[in-house]
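Topology and contacts: notes
These are the residues of each chain, in order.
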Amino acid sequence: LTAPTTTIDAAPDDPTNATSAAFTFSGSDNHSAAGALTFECRLDADPVDPAPFGACPAEYLELPDGRHTFEVRASDEAGNSGAPAAYSWTVDTVAPVTTIDAAPDDPTNAASAGFEFSAGEAASFSCALDGGAPAACDSGEAGYADLAERRHTFTVVATDRAGNTGAPATYAWTIDKTAPATTIDAAPDDPTNETSAAFTFSGADNHSAP
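The text that follows walks through the structure, step by step, so that each part is easy to find. In this convention, every chain numbers its residues from 1, walking through the sequence in written order. With the structure being a predicted model, the display of local features is reserved for residues of pLDDT at least 70 and the display and counting of side-chain atom pairs for 80 or more, all residues being used for whole-chain, interface and lining totals. Only heavy atoms go into the side-chain values, all of them from the structure, while hydrogens and water stay out.

Below, the discussion takes up a nonpolar patch on the surface. In this analysis, a patch consists of residues with relative accessible area above 30% that form no salt bridge, clustered at 9 Å for like charges and at 5 Å for the nonpolar side chains Val, Leu, Ile, Met, Phe, Trp and Tyr. Each accessible area value is a Shrake-Rupley result obtained with a 1.4 Å probe; residue values ignore everything except the protein chains displayed when judging cover. Each reported salt bridge corresponds to a side-chain nitrogen of Lys or Arg within 4 Å of a carboxyl oxygen of Asp or Glu. A surface patch of nonpolar side chains, amounting to about 370 Å² of accessible area, comprises I184, F199 and F201. Runs of E in the DSSP output that reach at least two residues are strands. Runs of H or I that reach at least four are helices, and both are numbered from the N terminus. With respect to the element layout, F199 can be found in the loop between β13 (181-186) and β14 (200-204).

Right, here's the structure in full:
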């Protein structure tokens, strides 16, 4: 009269970007050998009008994005069906969108730079400067110091919990620590009998247009 118990031994990660899912499971019973138990499965049963259990497939394929629930139950030789074991997981194949929320002015005379960024969902981030090797980073903590006077490019990319990596977000800015040179090109004669004066002048800079 005792129904067997069912255990799910292996299941997909939660979340995952895999659209297929395979499960391994086992059962135990007080009067049946493990090999004498039979198993039935179902996927995403309607809580109001659930579909009946059926034969267990080797694998579920082409699952859509979203939350899924797998159920499996064991039956013994006496016809007792145990309570199902259940596992829920999320299929997520959509890559996160990375946004740079704060960055240095362009141009700037500051030799340091800090960045803030987000992805709109739980994610980890990898940052790189000027084409260097990417490294793990966190928003608000991604900072660089003692940068050279030139054009720089910052790149950050997000990877969500399901393993999807989005397109990188980039920001370019110029560090200019050199003051411009000013030249007076035309001025009144010295001395002069004119009671008015006009001047023309120009400037030169290493990072700016005239």
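To continue, consider the sheet that holds strand β3 (residues 38-43). Note: two strands are recorded as paired if DSSP finds a minimum of 2 bridges between them. One open sheet accounts for three strands, arranged β3-β4-β5; its pairing is antiparallel. This sheet does not close on itself; its edge strands, each paired only once, are β3 and β5 (85-91). Strand-to-strand twist across the sheet, computed as the mean angle between neighbouring axes with direction ignored, equals 20°. By the bridge criterion, six bridges tie β3 to strand β4 (residues 66-75) in an arrangement that is antiparallel. Note that in β4 the partner of F39 across the bridge is A74. Inter-axis angles, ranging from 0 to 180 degrees, are taken between N-to-C directions of lines fitted to C-alpha atoms, where helices are fitted over the stretch in contact.

Here we take up the pattern of salt bridges. Oppositely charged side chains can pair when the atoms bearing their charge come close. A full pass over the atoms with the stated rule returns five salt bridges. With its nearest N and O atoms 3.0 Å apart, the salt bridge here joins E40 to R73. Here the residue E40 occupies a position in strand β3, and R73 occupies one in strand β4, the gap between them amounting to 33 residues. Taking the relative accessible area as the measure of exposure, E40 reaches 25% and is therefore partly exposed. We call a residue buried when its accessible area falls under 20% of the maximum for its residue type, exposed when it is over 50%, and partly exposed in between, using a 1.4 Å probe and counting protein chains only. Taking the relative accessible area as the measure of exposure, R73 reaches 24% and is therefore partly exposed.

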